[in-house]
Amino acid sequence: MCKNDDLKEMLESNKDSLKLDAMKRIIALIAKGKNASELFPAVVKNVASKNIELKKLVYVYLVRYAEEQQDLALLSISTFQRALKDPNQLIRASALRVLSSIRVPIIVPIMMLAIKEAASDMSPYVRKTSAHAIQKLYSLDPDQKEHLIEVIDKLLKDKSTLVAGSVVMAFEEVCPDRIDLIHKNYRKLCNLLVDVEEWGQVVIITMLTRYARTQFTSPWKEDGLFDENSETAFYESDEKKTKNGDEKKSYMMDPDHRLLLRNTKPLLQSRNTAVVVSVAQLYWHLAPKHEVGVITKSLVRLLRSHREVQYVVLQNIATMSIQRKGMFEPYMKSFYVRSTDATHIKSLKLEILTSLANEANISTILREFQTYVKSQDKQFAAGTIQAIGRCATNISEVTDTCLQGLVLLLSNRDETVVAESVVVIKKLLQTQPTQHSDIIKHMAKLFDNIAVPMARASILWLMGEYCERVPQIAPDVLRKMAKSFTSEEDIVKLQTVNLAAKLYLTNSKQTKLLTQYILNLGKYDQNYDIRDRTRFIRQLIVPNEKSGALGKYARRILLAPKPAPVLESTYKDRDRYQLGTLSHTINTKASGYLELSDWPAVAPDQSVRNVEVIEPVKEWAPSLGKTGKSKLSKSSDDKFYSDSGEEKEKGSGSSSSEDSSSEGLFDERVCVLESSSEAESDEEKSSSQSSEESDKSSSQSEKSSSESDSEQKKTTKKPPQKKTVKPTAKDRYYNELFNTYSCDHVGQLSTNLFLRSYLLPIVCGPGERLHGFVSKQVPVSLSLFSLCILTPCPLSCAALLLQVSGPAFVPEKSHDLLHRMTGKGLSAQYQFPRQPCLYQPTMVSVQISLTNTTDHPLEQIHIGDRDPTGLDMHCFNAIECLLPEASVTVSLGVDFNDSTQAANFQLCTKEDQFSVSIQPAVGELFLPATMTEQDFRKEQGKLLGMNESSATITMAAENTTRQPISRQVATVANLGVVPSGQDNIHRFAGKTASSGALVLVTVELRELSAALITINTEKSVMGPMLLRDLKRALARA
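These figures come from a predicted structure and were not determined experimentally. (Residues numbered from 1 in each chain as written. Predicted model: local features only at pLDDT ≥ 70, side-chain atom pairs only at ≥ 80, totals over all residues. Heavy atoms only, no water.)

1. Here's the deal with the packing of aromatic side chains
Inclusion rule: Stacked, tilted and edge-to-face pairs are distinguished by plane angle, under 30 degrees for stacked and over 60 for edge-to-face with tilted covering the rest, among Phe, Tyr and Trp rings (Trp via its six-membered ring) whose centres lie within 6.5 Å. Note on conventions: DSSP H or I runs of at least 4 residues are helices, E runs of at least 2 residues are strands, and numbering of each starts at the N terminus. Each residue's exposure class comes from its accessible area (1.4 Å probe, protein chains only) as a fraction of the maximum for that residue type: buried when under 20%, exposed when over 50%, partly exposed otherwise. By the criterion adopted, a ring carries a charge over it if an Arg CZ or a Lys NZ lies within 6 Å of its centre and within 35 degrees of its normal.
Going through the model one piece at a time under the given rule, you end up with 12 aromatic pairs. Residues Tyr59 and Phe80 carry aromatic rings whose centres are separated by 5.9 Å and whose planes lie at 65° to one another, so their mutual orientation is edge-to-face. Of this pair, Tyr59 sits in helix H4 (residues 52–65) while Phe80 sits in helix H6 (residues 77–83), and the two are 21 residues apart along the sequence. The two residues Tyr59 and Phe80 agree in class, both being buried. Measuring from centroid to centroid gives 5.3 Å for Tyr372 and Phe380, while their planes differ by 45°, and the two rings are tilted. Here Tyr372 falls in the buried class, since its relative accessible area comes to 5%. Using a relative accessible area of 2% as the deciding quantity, one classes Phe380 as buried. An aromatic cluster is present here, built from Phe40, Tyr61 and Tyr65 joined pairwise through their rings. Above the ring of Tyr65, the side-chain terminus of Arg64 is found at 4.5 Å from the ring centroid.

Shown next, in the form of structure tokens:
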């Protein structure tokens, strides 16, 4: 109590340091499980503190106790609402988390409004928190379901990997039956899956498993021909004729079905056990039978983990091994029992070994079982004997061997082993009773030494069932039981009564008196079951006046042939539950379990998953006034061209001017460069300066070429009129952008490499070509300017104003794309030239070298189908003919969407198609950038917390100076060098090619060859990947 008073005083002090120390101690108390609720009034007073660290700790406390102290928490509602507007994303998220933790119905409208606002927040972390709050609000007020579904629908369209897992979890909790919300987001979720956090991967995979079972047809159809294995399945006919002339429909896997299987397969290598099990159950429930085997190694790998993990994994393997023994048979040794295994682990391994047993490996398994029987763990030894019985039942060749082994166990000193052996022998003898009467006699001799009730009852049942085969021994056993009847267990007494009745019917001369004696004892037994059984037997077998017609059928009732028991696995019926779920683990339907539906007979319409591509021009095109037509002001034009005109380039010609619609160059975005016709007369002058005019037209205005030409003449002859359209905010933004960037600001690149790689015919739009672009000489800086500056991209303002530079280093290493043996003589290699892509700024440039190693020409070399289906790729023009021993280099543009997921496609010739893939390293997804040290620090300050990854390493001795560090970093990643005023700090900057997100790298040298590597980027997945590669590069010599 004294400590709590001290904490209250510290919380009420005026010093933030004391308050912060007090909150740390309070959070530590909560972490230890101690109750700190009495401090709530003192803590809640600090909820409006300006100290961010203190506020975060207060929010952590409030999340824990807000539900218990609802009245006091309600007093701070206004503070939380203000915090929802805080510039710090962590504060906004924490405020929403606390607000949703106050479970008072009166604030439901406030929570609803806060969730809707947070769902539109710029920070993905806040949007993720809003998805978590949806579930809390739904549990508090289910009537808000329809409003929450609207928010879920909005968040499902979010492209952030941080949000995906949380919103799918909210979907599963609130509206798991609304699969129509998933249709448009299905392909996006499949493609994002590899980059989502592990918890989210599990949730998404489970949901997609249920979704796939409702949208795709079964790949397990036995009456269909499976064509999907062949890469040419898309090009072949839908039907194939069988030998007898009948036609069977070949199974064609839906491309979206294949997309799911392909994108989840890499996750089998995940370090997270839950992810691996989730992918395993997905393949088990969705994949064709011949593909399920890929999960085997991954599941076996998990057996090296903790016993809790082993238990769940072994349960899933036990269910799988019953239906498909061949999957795990090669790894049989992995299921051998270890002495350190817990009993429940041993039992599961025993179950799996029994399921894997067949004629080929039964001898090995039985030798293993002989060792297990000697175990000190009695429960495990008894389970082993049951497993031997199952093996004897399933494999007839070893039935006799197993019986002999079990009979030998009857002389074991351990009564548990003996008892279980008797029970199993009894079940086995029912399958072949005529051949094993000697075993029954042997068991009768051991009857006096067996004390376990179940074993004694089993022997008595055998004596009664097969009493005609042991006519001399059975009456003697009954005599012994009559002496000890009153002291036996109930189960033994019941079997004694049954034995007496059967002997009375088959050998009444010897057993009549014994039977009457036992029936009299049973008549007055304390257990009512035994009393009832005795009265029933007496009326059935002993004739008297009261007995009815039932006595005539006594022999047929008591001595009827019994079917042999079937020894089955306890996991046989667990496949009715989805693998990896709690219901499967406990073998009963748990609360909240969603059953997998059966495959549909006919696949639903797959077009519901098609997504209309919304062109960026609709978001980025500036408003051009009522007429839809506006030009940059003369002053801005002069200023823009005056900078670039100071440098006179020799031989610079003018390109022909053409008007184009908004569907133009670079992914149909507005980017048209026009030159004035006056420059043509000065083409021969070496010091001539070409004047160009930039003309932007809206998507609604379509002008003929004649009108465009006439308007150009007017603008060149007449000065601009004073009456101009007032520029909008976006017009001013673009004017400022043009003024900021001029051609000589853009980093110069290698002209030879640029011309060789990128000056190719470019398709501008549907059926259009940018005439004259290739034929004329274009300055590299100008072409890069038009590529990187004029093309609008969905970037932040800082990223837009980022100055793109040339690569610091271009690795010469090439990667095999297609081996000449696999490609039937066509060899292909690819490399990343690290140049901005001319086709589209969001794409990464890839150079492919094609070589014909055959002795005949290869025709029509082109790119076929792509995978994933929505992969954005600019293909090279088809190569009509490649002569023998000839080579050609072509360029590709691939939008990897800031992911290291491989781009899969088909490289086709006239006769063949070859499946190939381009796997980018994370460092190849960047464009280098230059910025000042001040700008670097400013942007770095915005990317802290979850956007920062750091590690301390020991540098190689050769890598401790500026030049080697820059070389190693440039080798790993396409980043630009940022000038640094400190010798021990090296900075590098770049942006991702696809989204334009900033990537900032800092290498700070410390004492004794130590270095701190820090990476700041909002791409939370790319940061750790780049950090790993840099650590490896800087640590090696």
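2. Section: the pattern of salt bridges
Note the cut-off: We define a salt bridge as a contact between a side-chain nitrogen of Lys or Arg and a carboxyl oxygen of Asp or Glu at a distance within 4 Å.
Under the definition given, this model contains 32 salt bridges. Among the salt bridges present, the one from Asp158 reaches Arg127, with a minimum N-O distance of 2.3 Å. Taken as a pair, Asp158 in the loop between helix H10 (145–156) and helix H11 (161–174) and Arg127 in helix H9 (residues 124–140) lie far apart in primary sequence, 31 residues in all. In terms of burial, Asp158 and Arg127 fall into one category: buried. Notably, a salt bridge pairs Asp898 with Lys1019, separated by 3.5 Å at the nearest N-O pair. Of this pair, Asp898 sits in the loop between strand S14 (887–895) and strand S15 (903–908) while Lys1019 sits in the loop between strand S22 (1010–1016) and helix H42 (1022–1035), and the two are 121 residues apart along the sequence. Taking the relative accessible area as the measure of exposure, Lys1019 reaches 25% and is therefore partly exposed. The network of salt bridges with common partners includes Arg187, Asp254, Asp256 and Arg609.

3. Quick notes on helix H23 (residues 415–429)
Every α-helical turn comprises 3.6 residues, leaving residues that sit three or four positions apart pointing alike. Applied cut-off: Expected span of a helix: the number of residues minus one, times 1.5 Å. Throughout, a residue-residue contact means that at least one pair of heavy atoms, one from each residue, lies within 4.5 Å.
Spanning 15 residues, H23 covers 21 Å between terminal C-alpha atoms, matching the ideal 21 Å at 1.5 Å per step. In terms of residue burial, H23 counts as a mostly covered element, since 12 of its 15 residues are buried. Listed as buried for H23 are Val417, Val418, Ala419, Glu420, Ser421, Val422, Val423, Val424, Ile425, Lys426, Leu428 and Leu429. Looking at the buried residues of H23, the elements they touch are helix H20 (362–373), helix H21 (378–394), helix H22 (399–409), helix H24 (437–445) and helix H25 (453–465).

4. Topic: the side chain of Thr319
As for its position among the elements, Thr319 is in helix H18 (residues 307–323). Residue classification places Thr319 among the buried residues on the basis of a relative accessible area of 2%. Beyond its immediate sequence surroundings of up to four residues, Thr319 is in contact with Tyr571, Arg574, Asp575, Leu579 and His584.

5. Points about a nonpolar patch on the surface
Applied cut-off: Patches here: salt-bridge-free residues with over 30% relative accessible area, like charges joined within 9 Å, nonpolar side chains (Val, Leu, Ile, Met, Phe, Trp, Tyr) joined within 5 Å. Each accessible area is a Shrake-Rupley estimate made with a 1.4 Å probe; only the visible protein chains count as cover when residues are assessed.
There is a patch of nonpolar side chains on the surface, built from Phe536, Leu550, Tyr553 and Ile557 and spanning about 380 Å² of accessible area. Residue placement: Leu550 occurs in the loop between helix H29 (528–541) and helix H30 (554–558). Relative accessible area serves as the criterion here: at 48%, Leu550 is assigned to the partly exposed category.

6. Focus on the sheet that holds strand S13 (residues 879–882)
Formally: Should DSSP find at least two bridges between two strands, the strands are taken to pair. Note on geometry: axes are C-alpha line fits, over the in-contact stretch for helices, and angles between N-to-C directions span 0 to 180 degrees.
Read across the sheet, four strands follow the order S13-S11-S15-S16 without closing on themselves; strand pairing throughout is antiparallel. The sheet is open, and its two edges are formed by S13 and strand S16 (913–918), each paired on a single side. Strand-to-strand twist of the sheet, defined as the mean angle between neighbouring strand axes without regard to direction, takes the value 35°. As paired elements, strand S11 (residues 858–867) and S15 share four bridges and run antiparallel to each other. The partner of His862 across the bridge, within S15, is Cys908.

7. Considering the packing of helix H41 (residues 962–972) against H42
Stated precisely, the cut-off is as follows: Oblique is the label for every angle not falling under 35 degrees (roughly parallel), over 145 degrees (roughly antiparallel), or within 65 to 115 degrees (roughly perpendicular). Two helices crossing with the near one rotated counterclockwise from the far one by less than a right angle form a left-handed crossing, whereas a clockwise rotation gives a right-handed crossing. When residues are sorted by character, Ala, Val, Leu, Ile, Met, Phe, Trp, Tyr, Cys and Pro go into the nonpolar class, Asp, Glu, Lys and Arg into the charged class, and all the rest, Gly among them, into the polar class.
Put simply, H41 and H42 touch, their axes get as near as 9 Å, and they point 135° apart. As far as their axial angle goes, H42 and H41 are oblique. When the axes of H41 and H42 are compared, the crossing they make is right-handed. Across from Ile965, Gln968, Val969 and Val972 in H41, the residues of H42 making contact are Leu1026, Asp1029, Leu1030, Ala1033 and Leu1034. Here the contact of H41 with H42 is built from residues that sort into seven nonpolar, one polar and one charged.

8. Here we look at H4
Cut-off, in case you're wondering: Polar contacts, as counted here, are pairs of nitrogen or oxygen atoms within 3.5 Å of one another; within protein the pair requires one atom able to donate a hydrogen and one able to accept it, and residues that are adjacent in sequence qualify only if both atoms are side-chain atoms.
When the terminal C-alpha atoms of H4 are compared, their 20 Å separation across 14 residues agrees well with the 20 Å that a helix rising 1.5 Å per residue should span. Taken as a whole, H4 has its buried residues at Leu54, Lys55, Leu57, Val58, Tyr59, Tyr61, Leu62 and Tyr65. For H4, the elements touching its buried residues are helix H2 (16–31), helix H3 (40–44), H6 and helix H7 (89–101). Two or three places before Glu53, at the opening of H4, Asn51 has a side-chain oxygen 3.0 Å from that residue's backbone nitrogen.

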